[in-house]
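Examining the three-dimensional arrangement
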Amino acid sequence: MTRPIADLDVPLETVERLVARQRACQLLADAAKHTHSPSDRIAYALDEWLITHPDAPISTLADYPTWTPGGTS
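Summary of the structure given here. (Residues numbered from 1 in each chain as written. Predicted model: local features only at pLDDT ≥ 70, side-chain atom pairs only at ≥ 80, totals over all residues. Heavy atoms only, no water.)

A word on the pattern of salt bridges
Definition in use: Any Lys or Arg side-chain nitrogen found within 4 Å of a carboxyl oxygen on Asp or Glu counts as a salt bridge. Helix and strand assignments come from DSSP, with helices taken as H or I runs of at least 4 residues and strands as E runs of at least 2, each series counted from the N terminus. Note on exposure labels: buried denotes an accessible area under 20% of the residue type's maximum, exposed denotes more than 50%, and partly exposed covers the range between, all computed with a 1.4 Å probe on protein chains only.
Counted under the stated rule, the structure contains 2 salt bridges. Put simply, glutamate 13 and arginine 17 hold a salt bridge, and the shortest N to O gap is 3.9 Å. Of this pair, glutamate 13 and arginine 17 both sit in helix 1 (residues 12-33), separated by 4 residues, roughly a single helical turn. We classify glutamate 13 as exposed; its relative accessible area is 58%. Look at arginine 17 and you get partly exposed, because its relative accessible area is 42%. A salt bridge links lysine 33 to aspartate 30; the nearest nitrogen and oxygen atoms lie 3.9 Å apart. In this pair, lysine 33 and aspartate 30 both sit in helix 1, 3 residues apart, roughly one turn of the helix. For lysine 33, a relative accessible area of 62% corresponds to the exposed category.

Below is the structure:
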């Protein structure tokens, strides 16, 4: 059975978001190719993973209420 073309229609907002995500991933991949720093390559890979997994659990300050930068003195 052939589906109507309207079933394949995607809102423009969704297409724009996917294109922006694809461009960002390409920029990160290009940057990773041009760096000599292993830590930069790891950071670019993590950034790319986070872009492609927007539902990934990420900690926030609320997860660590007693944390202070540099510890307490």
